[in-house]
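For reference, the chains in residue letters:
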Amino acid sequence: MPIKIGNFTLQSRVYVPPMAGVTDIVFRQIVRSIDPQCMMSTEMVSSRALLARPESRIMDLDPDEHPIGIQIFGHEPDVMANAAQLAQKKGADFVDINMGCPVPKITKGKDGCALMREPDLAREIISTVKAAVDLPVTVKFRLGWDDSNRNAVEFGEMAEEAGASMVTVHGRTRQQLYSGKADWTHIALVKKALSIPVFGNGDVFSPENALQLLEITGCDGVAVARGTLGNPWLIPRITKYLDHGILDVAPDEVERLIAGYRHSAGLAKYKGSRIGINESRRHLTQYTKGISGAAPFRNRLTQIGSLTDCAQILSELAYVVGGKEGQERFLRAVEQDDLKNGKEPGEGHSDRESSVQAPVDVRAVLPVAKP
Ligand SMILES: Cc1cc2nc3c(=O)[nH]c(=O)nc-3n(C[C@H](O)[C@H](O)[C@H](O)COP(=O)(O)O)c2cc1C
């Protein structure tokens with residue numbers, strides 16, 4: 001049955017929830033290029049910071065990307081309402097309120113998961129935000145602060161009463177951070193208690209995991225975060241498995257390296273070479289994770305200073321995993337990507353310029369050093 005969140009209907013039961021440092025516009029473009037219909041959210045943005053700088057790039061959206069939420073955090077109802085209005089102006093389909101972040105820097109105020117200990121304040125935030133915008137308001141939270149305070153069911157009921165149109169529940173407590181296993185049976189209790197859609201979240205790393213979570217929790221949809229790191233194909237693979245029972249094979253290693261390059265090129269283009277390449281290092285670690293023989297290359301990828309370095313190292317790795325044919329496939333994809341970005345291969349780029357376009361000199365990458 002299609003899921004309705006406020007006034008919009010979802011075509012997919014799979015949601016990529018907010019991940020700070022990950023779910024930026026570049027990552028979302030990559031996911032959408034292979035699964036256009038899944039719901040996604042921006043990284044969390046501080047409502048307080050938006051008072052001083054209302055133009056945060058975290059809220060940058062592609063005009064065509066839907067359904068998309070902007071996640072805000074904070075604990076002052078009026079400040080949160082202001083942030084929600086900015087999100088609405090930006091074109092978001094929904095505003096998500098972060099009530100689950102466990103990081104001490106966030107919780108030591110009353111932000112993130114600290115709000116699970118302040119349900120009255122949380123209620124006021126949700127209803128004030130709801131009254132300030134014409135969009136559905138959603139809430140993301142955990143099972144509770146710790147094992148002796150698992151109040152997710154009451155908290156979910158409060159969120160629904162206060163006007164939330166959907167909730168995402170991560171099956172861990174704040175105290176657990178990311179340790180232990182997500183408790184899907186407790187998420188089931190929240191689902192049972194609410195009439196708005198509930199997305200279950202925690203430890204879904206395969207299509208089979210996603211189905212299991214839905215079976216155990218009875219949830220309307222599944223939110224998949226870490227499983228998508230370096231692995232955006234997981235989203236369409238889950239969708240196909242849930243909808244048709246078909247388990248698509250994961251893409252081969254050369255395909256993963258090509259995606260790693262595209263992600264890095266996208267970051268360099270959007271954030272400028274210096275910041276983009278810096279950020280791409282941790283993504284490249286994910287794209288090469290689990291590839292046999294990749295360890296020494298991964299090490300080098302953590303130190304790249306340019307997109308040319310990135311292409312060089314990945315092309316060497318493509319040779320290791322796919323031989324000459326694999327390497328040529330990789331280089332062809334790099335070349336096509338640069339052409340698509342409006343650059344002739346060979347134009348090169350300087351690291352000193354915070355270049356908006358950061359093309360790779362493909363010919364400079366060849367001939368490749370054989371491992
Ligand atoms: C790097 C990283 C950043 C995250 N940032 C956010 C965030 O900004 N807002 C939020 O609500 N949750 C955030 N989360 C939590 C995830 O959305 C998700 O709830 C959690 O990772 C559990 O799901 P998973 O097991 O599928 O990864 C973050 C998680 C990771 C790994």
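Here the residue numbering is sequential within each chain, running from 1 through the sequence in written order. This being a predicted model, a pLDDT of at least 70 is required before a residue's local features are given, and a value of 80 or more before pairs of side-chain atoms are given or counted; all residues contribute to the totals for chains, interfaces and linings.

S.K.: So what's going on with the overall build of the protein? Residues and values would help.
M.R.: On a plain count of helices and strands, the protein comes out with 14 helices and 10 strands. Computation of the radius of gyration draws on C-alpha atoms alone. For the globule rule, the value is 2.2 Å times the number of residues to the power 0.38. Rg of the C-alpha trace for the protein: 21 Å, near the compact-globule value of 21 Å for 371 residues, within the 12% margin. Projected onto its principal axes, the C-alpha coordinates of the protein cover approximately 65 × 45 × 35 Å. Of all 371 residues assigned to the protein, the portion counted as buried reaches 49%. A separation of at least 24 residues holds for 67% of the contacts in the protein among residues at least 6 apart in sequence. Helical segments are the DSSP runs of H or I of at least four residues, strand segments are the runs of E of at least two, and each set is numbered from the N terminus. Around each residue's C-beta, the other C-beta atoms within 10 Å are counted; 20 or more make the residue buried, 12 or fewer make it exposed, and counts in between make it partly exposed. All C-beta atoms are placed from the backbone. Contact definition: two residues whose C-beta atoms, as placed from backbone geometry, lie within 7 Å.

S.K.: Which residues make up the environment of I313, and what values go with them?
M.R.: Along the chain, I313 falls in helix α13 (residues 307–340). By the C-beta count within 10 Å, which is 23 here, I313 ends up buried. Through-space distance from the C-alpha of I313 to that of L194 is 50 Å; in sequence the pair is 119 residues apart. With near-sequence residues (within four places) excluded, I313 lies in contact with F297, R300, L301 and I304.

S.K.: Explain the environment of L10 residue by residue, including any values.
M.R.: Among the secondary structure elements, L10 is positioned in strand β2 (residues 8–10). Measuring from C-alpha to C-alpha, the distance between L10 and H66 comes to 9.7 Å, with 56 residues separating the pair along the chain. In this structure, L10 is in contact with P2, I3, I5, M39 and P67, ignoring residues within four places of it in sequence.

S.K.: Tell me about the site of the ligand, and please be specific about residues and values.
M.R.: Each residue receives a C-beta atom placed from its backbone. It is near a molecule or strand if this atom lies within 6 Å of it. Near the ligand you find 22 residues, and of these P18, M19, M44, A225 and R226 are the closest. Here the residues of the shell around the ligand sort into 10 nonpolar, eight polar and four charged. Side-chain classes follow a simple rule in which Ala, Val, Leu, Ile, Met, Phe, Trp, Tyr, Cys and Pro form the nonpolar group, Asp, Glu, Lys and Arg form the charged group, and the remainder, Gly included, forms the polar group.

S.K.: Lay out the packing of helix α5 (residues 119–132) against helix α6 (residues 152–162) with the relevant residues and their values.
M.R.: A fitted line through C-alpha atoms represents every axis, and for helices the fit uses only the stretch in contact; the resulting angles, taken between N-to-C directions, go from 0 to 180 degrees. Look at α5 against α6: their axes get within 9 Å of each other, and the N-to-C directions meet at 30°. Judged by the angle between their axes, α5 and α6 are roughly parallel. For α5 against α6, the interelement crossing comes out right-handed. From α5, P119, A122, R123, I126, S127 and K130 reach across to α6, where they touch F155, M158, A159 and A162. Our angle categories are set so that under 35 degrees counts as roughly parallel, over 145 as roughly antiparallel, 65 to 115 as roughly perpendicular, and the remainder as oblique. Should the near helix be turned counterclockwise from the far one by less than a right angle, the crossing is left-handed, whereas a clockwise turn marks it as right-handed.

S.K.: Describe the packing of helix α1 (residues 25–34) against helix α10 (residues 253–271), naming the residues involved and giving the relevant values.
M.R.: In contact at an axis separation of 9 Å, α1 and α10 are set at 140° when each is read in the N-to-C sense. What the angle tells us is that α1 and α10 run oblique. Note that α1 runs across α10; the crossing there is right-handed. Contacts between α1 and α10 involve I25, V26, Q29 and I30 on the former and, on the latter, A259, R262, H263, G266, L267 and Y270. Across the contact of α1 with α10, the residue classes tally to six nonpolar, three polar and one charged.

S.K.: Describe the domain arrangement of the protein, with residues and values.
M.R.: Here the limits of each domain have been adopted from an automatic or database domain assignment. In terms of domains, the protein is made up of domain 1 (3–244) and domain 2 (253–365). For domain 1 versus domain 2, the distance between C-alpha centres works out to 31 Å. Taken together, the seven residues of domain 1 in the interface contact 10 residues of domain 2. By residue class, the composition of the side of domain 1 that touches domain 2 is five nonpolar, two polar and no charged.

S.K.: Before we move on, could you go through the pairing of strand β9 (residues 198–201) and cite the residues and values that matter?
M.R.: A two-sided burial pattern is seen for β9, the buried positions comprising V198 and G200 on one face and F199 and N201 on the other. Judged from the four bridges that link them, strand β8 (residues 166–173) and β9 form a sheet pairing that is parallel. Looking at the pairing, T168 lines up with F199 of β9. Think of it like this: strands point away, you trace from the first strand over the helix to the second, and a clockwise trace means the crossover is right-handed. Between β8 and its parallel partner β9, the chain crosses via helix α7 (residues 184–193), and the hand of that crossover is right-handed. Whether two strands pair comes down to DSSP finding at least two bridges between them. Where β9 and strand β10 (residues 221–223) come together, three bridges link them in parallel fashion. Bridge pairing in β10 links F199 to G221.

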